[in-house]
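# Fold and geometry: a report
The primary structure of each chain is shown beneath.
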Amino acid sequence: MPNYGIPPIALTVGSGCEVYDADGRQYLDLIAGIAVSSLGHGHPALVNAVVRQATTLAHTSNLFVHEREIQLAERLIGLLGGDAKVFFANSGTEANEAALKLVKRAASPGRHYFVAADKGFHGRSLGALALTGKDVIREPFGPYGMDVRFVPHGDLEALTEAVDEHCVAVFVEPTQGEAGVVPAPEGYLAGVRALCDRTGAAFVLDEIQSGIGRTGHWFAHQAEEVRPDVLTLAKGLGGGLPIGACVGFGRFADAFDKGDHGSTFGGNPVACAAALAVIDTIEDQDLLEHVRAMGGVLAEHLERIDHPLLAGQRGSGLWRALELTGPHAAHVQEQAAVRGFLVNAVAPDAVRIAPPLVITPEELAVFIEALPTILDAAEAAATKEPQP
Ligand SMILES: *Cc1c(COP(=O)(O)O)cnc(C)c1O
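How each quantity is defined
Residues numbered from 1 in each chain as written. Predicted model: local features only at pLDDT ≥ 70, side-chain atom pairs only at ≥ 80, totals over all residues. Heavy atoms only, no water. Helix = DSSP H or I, 4+ residues; strand = E, 2+ residues; numbered from the N terminus. Rg over C-alpha atoms; globule rule 2.2 N^0.38 Å. Buried < 20%, exposed > 50% of the residue type's maximum accessible area, 1.4 Å probe, protein only. Contact = heavy atoms within 4.5 Å. Lys, Arg positive; Asp, Glu negative; His and termini not counted. Charge placed at Lys NZ, Arg CZ, Asp CG, Glu CD. Near = heavy atom within 4 Å. Polar contact = N/O pair within 3.5 Å; in protein donor to acceptor, adjacent residues only side chain to side chain. Areas by Shrake-Rupley, 256 points an atom, 1.4 Å probe, with all protein chains shown as cover. Nonpolar A, V, L, I, M, F, W, Y, C, P; charged D, E, K, R; others polar. Domains from an automatic or database assignment. Buried area = accessible area lost by both parts, 1.4 Å probe. Salt bridge = Lys/Arg side-chain N within 4 Å of Asp/Glu carboxyl O. Phe/Tyr/Trp six-rings, centres within 6.5 Å; stacked < 30°, edge-to-face > 60°. Lys NZ or Arg CZ within 6 Å of the ring centre and 35° of its normal. Pairing = 2+ DSSP bridges. Axes fitted to C-alpha atoms, helices over the stretch in contact; angles between N-to-C directions. Parallel < 35°, antiparallel > 145°, perpendicular 65-115°, else oblique. Left-handed = near helix turned anticlockwise from the far one by under 90°. 1 Å grid on protein atoms, 1.4 Å probe; cavity = no way out; pocket = protein on both sides within 12 Å on 5 of 7 lines; lining within 4 Å. Points joined across faces, edges and corners; volume = space filled by probe spheres on them.

Once that is clear, we can look at the overall build of the chain. The helix and strand inventory of the chain stands at 12 helices and 17 strands. Scaling as 2.2 N^0.38, a compact globule of 388 residues should have a C-alpha radius of gyration of about 21 Å, and the chain matches this with 21 Å. Over its C-alpha atoms, taken along the principal directions, the chain stretches across nearly 60 × 50 × 40 Å. Among the 388 residues that make up the chain, the fraction classed as buried is 55%. Here the contacts in the chain between residues at least 6 apart in sequence split such that 72% fall between residues at least 24 apart. Averaging the positions of the 28 positive and the 48 negative side-chain charges in the chain gives two centres separated by 5 Å.

The following block contains the structure:
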């Protein structure tokens, strides 16, 4: 169907941080399938885990329990700390659908509305879409039968005004990925926590893009020492295998009754084995430290580039956006690809960089060195043919 337009490149093979297209051209992958391929491509730990699990037992459905999902739930709870339970889904949007049903189940009868952030992104299924603050993708598919109120991202005053004792839940991202890797101000999550404690609204934190090491912490909220009531995960968790997770803390751990929710494929053994391999590898290879170091190097070099197209950079860990001085992101993406680099024009004036967490200093250096030339070429292309 035409919903993705016509993707400009057909990828066929990947190895580490390199991928090849159908014509045999090589690219350095600096987007990792939208912050998903955390271990790069063909990582032996992930390949072995998947092959072993597919050979042993590939599927059980939720009629039966299996070892991998128990292990994965225990690993996640261990990393998060505290009193929590996990529901496994197959994607980000499904993790948020689970969160939505969970907070509805847990809410007292007088609570009837939700609060979410302008320009936020929570997924494309109807519940998650109702909470998504990007008007162009939400509006064509409403009405949703849900009272959702939007406030500016990171604005605690606006949020405080919007949330009272009739609010079911607040849905936020620590940094808005799809809006262009836009962080909330420091202290925002602590403010959301305090507000939710005061009003009794549930605090749902969407870490589908930020979680599992992307920011240099297991979870972005851990950098601020704040714990949400419900946490959703997906993207980087499976390292390329489809999996989502909805974690409930405290009373949200037990809010679902038997029969309240389910998924045939959710918690699939192969996807869980992949996620366990991702977590083990991040831990064994000290990748959180690596992500912080590589992110620091990237940020430092980006700050130093003096170019008329580049206004600055933002983000954390290996999750950054080049802030452009105008709507030139599509040109930058195109000129980067011509030179063998995959980046993402996430907004008209922002280019997202989210490489595999295993990217080496040498690989990063090659991109940093090429960037001024890419920007020059993008500038030339923009002058020749201004974008609408
Ligand atoms: C990608 C994303 C989603 C949706 O995940 P899908 O797997 O595409 O359904 C939800 N929330 C955030 C923050 C995301 O980045």
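A separate point is the site of the ligand. Near the ligand you find Ser-91, Gly-92, Thr-93, Asn-96, Phe-121, His-122, Gly-123, Glu-173, Asp-206, Ile-208, Gln-209 and Lys-235, and these make up its full shell. With respect to the ligand, the side chain of Asp-206 contributes an N or O atom lying 2.7 Å from a nitrogen atom. Within the side chain of Lys-235, one N or O atom sits 2.6 Å away from an oxygen atom of the ligand. Protein burial of the ligand: of its 380 Å² of free accessible surface, 82% is covered by the chains. For the shell around the ligand, the element with the most residues is helix H4 (residues 92-106), which contributes three residues. Grouping the constituent residues of the shell around the ligand by class yields two nonpolar, seven polar and three charged.

Glancing now at the domain arrangement of the chain. Per the domain assignment, the segments making up the chain are domain 1 (2-30 + 286-383) and domain 2 (45-284). The C-alpha-based centres of domain 1 and domain 2 are spaced at 27 Å. Contacts between domain 1 and domain 2 engage 19 residues on the former and 21 residues on the latter. Regarding the contact of domain 1 and domain 2, the summed buried area is about 1600 Å², with carbon and sulfur atoms giving 61% of it. For Glu-178, the salt bridge identified is with Arg-352, shortest N-O distance 2.7 Å. At the junction of domain 1 and domain 2, the tally comes to 11 residue pairs in polar contact (both at pLDDT 80 or more). For the side of domain 1 that touches domain 2, the secondary structure elements donating two or more residues are helix H10 (287-304), strand S13 (310-316), strand S14 (319-324) and strand S16 (344-347). Here the element with the most residues in the side of domain 1 that touches domain 2 is H10; it accounts for four residues.

Let us look at the packing of aromatic side chains. Per the counting criterion, the structure on display carries two aromatic pairs. A cation over an aromatic ring shows up here: Arg-149 above the ring of Tyr-113, its NZ or CZ 3.7 Å from the ring centre.

Backbone-to-backbone hydrogen bonds join strands into a sheet, with any given pair of strands oriented parallel or antiparallel. Strand order in the open sheet formed by four strands is S1-S2-S3-S15, with mixed pairing between adjacent strands. In this open sheet, the two strands that pair with only one neighbour each are strand S1 (11-15) and strand S15 (341-342). Pairing between strand S3 (residues 26-29) and S15: two bridges, direction parallel. Paired with Leu-28 across the bridge in S15 is Phe-341.

On to the pairing of strand S11 (residues 230-233), then. Residues of S11 alternate between two faces, with Val-230 and Thr-232 on one and Leu-231 and Leu-233 on the opposite face, all of them buried. Bridge analysis of strand S10 (residues 202-206) against S11 gives three bridges, and the strand direction is parallel. Counterpart to Leu-205 in the pairing with S11 is Leu-231. Examined bridge by bridge, S11 and strand S12 (residues 244-249) share four bridges and lie antiparallel to one another.

A word on the packing of helix H2 (residues 44-56) against helix H9 (residues 269-284). Contact pair H2 / H9: the axes reach a minimum separation of 8 Å and the direction vectors enclose 150°. For the element pair H2 / H9, the angle class is roughly antiparallel. Considering only the axes of H2 and H9, their crossing is right-handed. Residues Ala-45, Leu-46, Ala-49, Val-50, Gln-53 and Ala-54 of H2 pack against Pro-269, Val-270, Ala-273, Ala-274, Ala-277, Val-278 and Thr-281 of H9. Counted by class, the contact of H2 with H9 contains 11 nonpolar, two polar and no charged residues.

Take the layout of surface pockets next. One number sums up the size of the second largest pocket: a volume of about 750 Å³. Along the walls of the second largest pocket sit 35 residues, with Asn-62, Glu-69, Val-86, Phe-87 and Phe-88 positioned nearest its centre. Breaking the lining of the second largest pocket down by element, the ones donating at least two residues are helix H3 (67-80), strand S4 (84-89) and S12. Of the residues in the lining of the second largest pocket, the class split is 15 nonpolar, 14 polar and six charged.

Another aspect to go through is the packing of helix H11 (residues 329-338) against helix H12 (residues 361-384). Where H11 contacts H12, the two axes come as close as 8 Å, and the packing angle between them is 125°. The orientation of H11 with respect to H12, classified from their angle, is oblique. Where H11 crosses over H12, the two elements pack in a sense that is right-handed. Contacts from His-331, Val-332, Gln-335 and Ala-336 of H11 reach H12 at Ile-374, Leu-375, Ala-377, Ala-378, Ala-381 and Ala-382. Grouping the constituent residues of the contact of H11 with H12 by class yields eight nonpolar, two polar and no charged.

So, on to the sheet that holds strand S17 (residues 350-353). Taking strand neighbours across the sheet as the criterion, the four strands line up as S13-S14-S17-S16 in an open arrangement whose pairing is antiparallel. The strands lining the two open edges of the sheet, one partner per strand, are S13 and S16. Neighbour-to-neighbour, the strand axes of the sheet open up by a mean angle of 30°, direction not taken into account. Here four bridges tie S14 to S17, and the two strands are oriented antiparallel to one another. Residue pairing in the sheet places Ala-321 in a bridge with Arg-352 of S17. The sheet contacts of H10 involve S13, S14 and S17, and relative to S14 the element is tilted by about 10°.

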